[in-house]
Amino acid sequence: MNSNICVRCLDKILSCSTFLLVQHSRPVNCSLRLFNTRPTDRLSSPRPRISKCLSGKRLVFPTGCVQSDENNLNTRSYSNKKNGKKPSALFIPVPVKITSNPDDINIGEEFGTDLSKKTEELMELLATFSKRREIRAVAAENGLDEYLFHQAFVSFRKYIAESESLEPDLHIVLSDILVGGGHVDDILPYFLEHARRVFPHLDCIEDLKKISDLTDPANWYPGARAVDRKIIFHAGPTNSGKTYHALESFSKAETGVYCGPLKLLANEVHRKTNERGIKCDLITGEERRFADPQGHPSGHVACTVEMTSTTQPYDIAVIDEIQMLRDPSRGWAWTRALLGISAKEIHLCGEEAAIPLLNELLTSTGESMEVRRYKRLTPLKILDKSLDSLENIRPGDCIAAFSKNDIFTLSRKLEEMGHECAVIYGSLPPG
């Protein structure tokens, strides 16, 4: 295996004995390409020393040290999934410009101590500052975790060490601490100010937390929250007229959207609405069919629920089979439609058993729901004996099967017997 390895890792290896103890036990035999994770001007070339020391040796590396992508030189690689990166690692520190002193006027030095003569004491002071638990606790409250604190402190220390002229107040504070006239914690306000220059996101960390908060789905749709929506639930069994009444409101509105569970149902609403002289487009995952010959969008849309737009405003929205929001695989689409559609009036059609869940969801949006109940229009009778044979099938009967193969097997048998039958299943394309 040809791999790349960080020079700093090899430096540590070479400073140890010829054996390398690792946490990952699987050894890797590899020919190495060196890559550097530090600026080249700070690194004296270790290649001759490394080449000499590694001659004839078999090395064992932990998984996270080896980088097998030869195109990503001068970058770090972490392939150990157990050592996942924290989100703070995504923030790149901004370099802070070192202040110069072109006029040879150092106001802080006039009132304090010449810090250039106390470099060692100053570095020890900063080291003490960085190790204090109280300092780290306050830094954490200001958005600096361990990673960000370290990055900010390194920048702060470099800024103090290399600046020709510090800000007068910071210079005086450091001078007072060095002569015993102040406490090391007095540095904290200046460190936090510097940290905000290194990581500007700290000034808006609360806003970032609010933006990234996904615990309240109702707030994902500000457009819907800005509309005073009226929610009407048409509850009833099959063939009770609940969807019919909802679609009547849909047809009378200037703009509307029908969200169905099947492409077949969306296609049926599309066809019947256009037959009534109301232009209605069809949108499914496979196609978009415009009612206007020129391809201009119509005011009415019939779509599968997954294709529902949460940005387009409507007068009326119909969400069919709303009880499907309990479905483990597709329920997200009904939940998204319910919370996100920007419509003045939303008609929900489904089983009455969905009412408690809907009320709970609408509590998060601050909306109430009007319930209209329907009874079955035609009686449903249960036979006191089984069908026994397909020969007893009558016109108008419906057979429910539990797989697509069973559906086609039954349809072929019925056609062989001289019966015409329609086939309906979930992934049936519109036609």
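Quantities reported herein were computed from a predicted structural model and do not represent experimental measurements.

1. Notes on helix α4 (residues 119-131)
The terminal C-alpha atoms of α4 lie 19 Å apart, and with 13 residues this matches the ideal 18 Å at 1.5 Å per residue to within 8%. For α4, the full list of buried residues reads Leu122, Leu125, Leu126, Phe129 and Ser130. The arc that holds every buried residue of α4, seen down its axis, measures 135 degrees, which confines them to one face. Among the exposed residues of α4, those pointing more than 90 degrees away from its buried face are Glu120, Glu124 and Lys131. In this structure, the buried residues of α4 make contact with α5 (133-141), α6 (146-162), α7 (168-178) and α8 (188-198).

2. Some remarks on the packing of α4 against α7
Two numbers describe a pair of packed helices, the interaxial angle and the distance between the axes. Here α4 crosses α7 at 95 degrees, and the two axes come no closer than 11 Å. Between α4 and α7, the interaxial angle falls into the category roughly perpendicular. Note on element contacts: α7 touches α4 through Leu174, Ile177 and Leu178, opposite Glu121, Leu122 and Leu125. The residue inventory of the contact of α4 with α7, partitioned by class, reads five nonpolar, no polar and one charged.

3. Notes on the packing of aromatic side chains
What the rule picks out here adds up to four aromatic pairs. Here Phe149 and Phe153 contribute two aromatic rings whose centre-to-centre distance is 6.5 Å and whose plane-to-plane angle is 5 degrees, an arrangement assigned as stacked. With Phe149 and Phe153 both in helix α6 and four residues apart, this pair spans about one turn of that helix. Judged by its relative accessible area of 7%, Phe153 is buried. Between Phe156 and Phe191, the aromatic rings sit 5.6 Å apart at their centres with planes inclined by 75 degrees, giving edge-to-face as the arrangement. In this pair, Phe156 is assigned in helix α6 and Phe191 in helix α8, connecting sequence segments 35 residues apart. Grouping residues by exposure puts Phe156 and Phe191 together as buried. Taken together, the aromatic side chains of Phe129, Phe149, Phe153, Phe156 and Phe191 make up a single cluster linked through ring pairs. The side chain of Arg197 reaches across the aromatic face of Tyr159, ending 5.6 Å from its centre.

4. What to know about the pairing of strand β8 (residues 300-304)
For β8, the tally of buried residues reaches five of five residues, placing the bulk of the element in the interior. In this sheet, β8 lies alongside strand β5 (residues 256-260) in parallel orientation, the contact comprising five bridges. Paired with Gly260 across the strands is Thr304, a residue of β8. As paired strands, strand β6 (residues 280-283) and β8 are joined by four bridges and run parallel to one another. Across the sheet, residue Leu282 finds its bridge partner in β8, namely Ala302.

Cut-offs used in this document
Residues numbered from 1 in each chain as written. Predicted model: local features only at pLDDT ≥ 70, side-chain atom pairs only at ≥ 80, totals over all residues. Heavy atoms only, no water. Helix = DSSP H or I, 4+ residues; strand = E, 2+ residues; numbered from the N terminus. Expected span 1.5 Å × (residues − 1). Buried < 20%, exposed > 50% of the residue type's maximum accessible area, 1.4 Å probe, protein only. Arc of directions from axis to C-beta. Contact = heavy atoms within 4.5 Å. Axes fitted to C-alpha atoms, helices over the stretch in contact; angles between N-to-C directions. Parallel < 35°, antiparallel > 145°, perpendicular 65-115°, else oblique. Nonpolar A, V, L, I, M, F, W, Y, C, P; charged D, E, K, R; others polar. Phe/Tyr/Trp six-rings, centres within 6.5 Å; stacked < 30°, edge-to-face > 60°. Lys NZ or Arg CZ within 6 Å of the ring centre and 35° of its normal. Pairing = 2+ DSSP bridges.

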